[in-house]
Amino acid sequence: MLSSLGRTTARMGLRARAMSSSATFDLSGSFELHNLESGPNTTVEYSKDDLMKQFELMYTMRRMEITCDNEYKARNIRGFCHLYDGQEAVATGIQTSLDAEDSWVTSYRCHCVALARGGSVEKIVGELFGNACGMSKGKGGSMHFYSKKNGFFGGHGIVGAQVPVANGLAFAHKYKAKPGEPMNVSIGCYGDGAANQGQIWESANMAALWKLPMIFCIENNHYGMGTSIDRHSSINDYYKMGNAIPGIRIDGMNVLATTEGMRFVKEYCASGNGPMYVEMMTYRYHGHSMSDPGTTYRNREEIAFTRSTRDPLEFIKKSIIDAGFADAEELKGIEKRIRKSVQEEVKKAKESPKPAPESLMQHVFAVDLESDQSEMPSHIRMPDHAKSYWASGKAD
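Below is a summary of the structure that appears in this document. Residue numbering note: each chain is counted from 1, following its sequence as written. Only residues with pLDDT of at least 70 are given local features in this predicted model, and only at 80 or more are side-chain atom pairs given and counted; all residues enter the totals for whole chains, interfaces and linings. Only hydrogens and water are set aside; all other atoms, that is, all heavy atoms of the structure, feed into the side-chain values.

### Some remarks on the nonpolar core
In terms of nonpolar packing, the biggest core is built from 73 residues, with Ile94, Ile187, Val265, Val278 and Ile320 touching the most fellow members. Of all the elements, helix H9 (residues 255–273) adds the most residues to this core, at 9 residues. With sequence-adjacent residues up to four places away left out, Ile187 is seen in contact with Ile94, Leu98, Ser103, Trp104, Val105, Ala166, Ile215, Cys217 and Met262. For our purposes a nonpolar core is just a set of buried Ala, Val, Leu, Ile, Met, Phe, Trp, Tyr and Cys residues, chained together by side-chain atoms within 4.5 Å. Throughout, exposure labels follow a simple rule: accessible area from a 1.4 Å probe, protein chains only, divided by the maximum for the residue type, with under 20% read as buried, over 50% as exposed, and the rest as partly exposed. Core analysis: the second largest hydrophobic core is formed by 21 residues, Leu169, Ala170, Ala204 and Met214 among them. Here a strand is any run of E in DSSP of at least two residues, a helix any run of H or I of at least four, and the numbering for each starts at the N terminus. Contacts between residues were defined by any pair of non-hydrogen atoms, one from each residue, lying within 4.5 Å.

Here is the structure:
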């Protein structure tokens, strides 16, 4: 675990005037490197608008997940349900650093990633209710969110299976890239419990051989289901698992660190240097899923201690106040507005009807194979990009 975790706020160097529009933050101790000569900046400047936007997104995530917990206990949500509260700084930092054209694939703990990547509380909770307004039309449920237009490719229910998909998207980005220009990147997020999956090792080997713009992101919340990392993995330094592949460990409870760390990683991978391993040191407050109380393999004191010393929302709130961007009363007002908004969107989701029976077979097969009804590649790329075959007869 990073030496700075639990002490980052106390060590944060800050130069700002009251009610200023920007502030400088010290991130010393937030990163550990593997096979890298240099890493992210340890001093970053943040504008008020940027930090406030991150706070609003993180607080919306937290309220949405707490609402899902309540709705599940009220039996309005059935089946699997894996909550993300405690890990909000990871998804928020990644989203801030990615472009809209980059690809993001994650595990079944995907509600907040779907929200960050352009979803709404109504569509996400509606999907959990199994209603037609849902992000996957009420046919996917908790583990299967998807939005191609926002570069979000799931939400996958099989442990580790999302990583080869992300690797394929990284291959596509390299395939489509124009020579001499930065590539878009693909990120595959998975938990520490999936880190030793064979398909991940195979994907890493392929990504390294072909120098794909692929980010292997381990969200290390310290438990693979109910098994601690020291019992389920012979390697606890997950950012070093790529062997020759460079890696970085990031304080995943500090949104300033996740943002700057992922900016560095994206720039590295987009520049043609190949893949990188990222380990986000984070923590989940709920159990593995709603069927897991989360207190049989860890005690309540551990959870309470993490909440009191490392909570990502409390960290960003303190950062905002210390920077003079807002005071405690202003933040309470924002929280109140977001709570009301979440309640209103959940109400709309509940009012949505169930999917019509005739929709069951939709989105299974292509309507036909005409170019306007299916996705036809624009070109077939050759080793020499200039000699590629283009459907239009010329390069775009």
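### Examining a positive patch on the surface
Patch definition: residues above 30% relative accessible area lacking any salt bridge, with like charges linked at up to 9 Å and the nonpolar side chains Val, Leu, Ile, Met, Phe, Trp and Tyr linked at up to 5 Å. Computed with the Shrake-Rupley method and a 1.4 Å probe, the accessible areas treat only the protein chains shown as cover for residues. Salt bridges are defined as contacts in which a side-chain nitrogen from Lys or Arg sits within 4 Å of a carboxyl oxygen from Asp or Glu. Positive charges come from Lys and Arg, negative ones from Asp and Glu, while His and the chain ends are left out of the count. Note that the charge is assigned to NZ on lysines, CZ on arginines, CG on aspartates and CD on glutamates. A contiguous patch of positive charge on the surface is contributed by Lys123, Lys137, Lys139 and Lys149. Positionally, Lys139 belongs in the loop between helix H5 (121–129) and helix H6 (162–176).

### Here we look at unusual backbone geometry
With an omega of 25 degrees, the peptide bond running from Gly154 to Gly155 counts as cis. Locating Gly155 in the fold gives a position in the loop between H5 and H6. Phi at Arg75 takes a positive value of approximately 70 degrees, unusual for a residue other than glycine. Note on placement: Arg75 falls in the loop between helix H2 (48–73) and helix H3 (88–97). Taking the relative accessible area as the measure of exposure, Arg75 reaches 56% and is therefore exposed. Not every positive phi belongs to a glycine, and Met225 is a case in point at roughly 55 degrees. Its place among the elements puts Met225 in the loop between strand S8 (223–224) and strand S9 (227–228).

### Section: the pattern of salt bridges
With the rule as written, the count across this model stands at 17 salt bridges. The residue Asp102 makes a salt bridge to Lys266 at a minimum N-O spacing of 2.9 Å. One end of the pair, Asp102, is in the loop between H3 and strand S5 (103–105); the other, Lys266, is in helix H9, and 164 residues separate them in sequence. Asp102 gets classed as buried once you look at its relative accessible area, which sits at 0%. Look at the salt bridges and you will find they share partners, linking Glu32, Asp237, Lys240, Arg249 and Glu279 into a network.

### Some thoughts on the packing of aromatic side chains
Two rings from Phe, Tyr or Trp (for Trp, the six-membered ring) form a pair when their centres are within 6.5 Å of each other. A pair whose planes differ by under 30 degrees is stacked, one over 60 is edge-to-face, and the rest are tilted. The tally for this structure, following the rule as stated, stands at 8 aromatic pairs. Summarising the aromatic geometry, the rings of Phe171 and Trp210 are spaced 5.6 Å apart at their centres and angled 50 degrees between planes, so their arrangement reads as tilted. Separated by 39 residues along the polypeptide, Phe171 in helix H6 and Trp210 in helix H7 (residues 198–210) bring together distant segments of the chain. For Phe171, a relative accessible area of 39% corresponds to the partly exposed category.

### A closer look at the pairing of strand S10 (residues 247–251)
Among the 5 residues that make up S10, 5 are buried, leaving the element largely enclosed by the rest of the structure. Here S10 shows no split at all, with Gly247, Arg249 and Asp251 on one side and Ile248 and Ile250 on the other all buried. For two strands to be treated as a pair, DSSP must find at least two bridges joining them. Where strand S3 (residues 31–34) lies against S10, 4 bridges are found, and the strand directions are antiparallel. Within the sheet, the bridge partner assigned to His34 lies in S10 and is Gly247. Bridging between S10 and strand S11 (residues 276–281) involves 5 bridges; their strand directions are parallel. Within S11, the position partnered with Asp251 by the bridge is Met281. Seen with its strands pointing away from the viewer, a crossover is right-handed if its path from the first strand over the helix to the second goes clockwise. Tracing the backbone out of S10, into H9 and back to the parallel element S11 gives a crossover that is right-handed.

### Observations concerning the sheet that holds S10
Strand pairing in a sheet takes place through backbone hydrogen bonds and is either antiparallel or parallel in direction. In spatial order, the strands read S3-S10-S11-S7-S6-S5; together these 6 strands make up an open sheet with mixed pairing. In the strand order of this sheet, the two ends are held by S3 and S5, each with one partner. For this sheet, the mean inter-axis angle between neighbouring strands, taken without regard to orientation, is 20 degrees. Both strand S7 (residues 214–220) and S11 contribute to a ladder of 6 bridges, which runs parallel. Following the sheet pairing, Glu219 is matched in S11 by Met280. Only the contacting stretch of a helix is used when fitting its axis, a line to C-alpha atoms as for every element, and angles between N-to-C directions run 0 to 180 degrees. Along the sheet, H3 contacts S5, strand S6 (186–191), S7 and S11; its crossing angle with S5, the most-contacted strand, is approximately 160 degrees.

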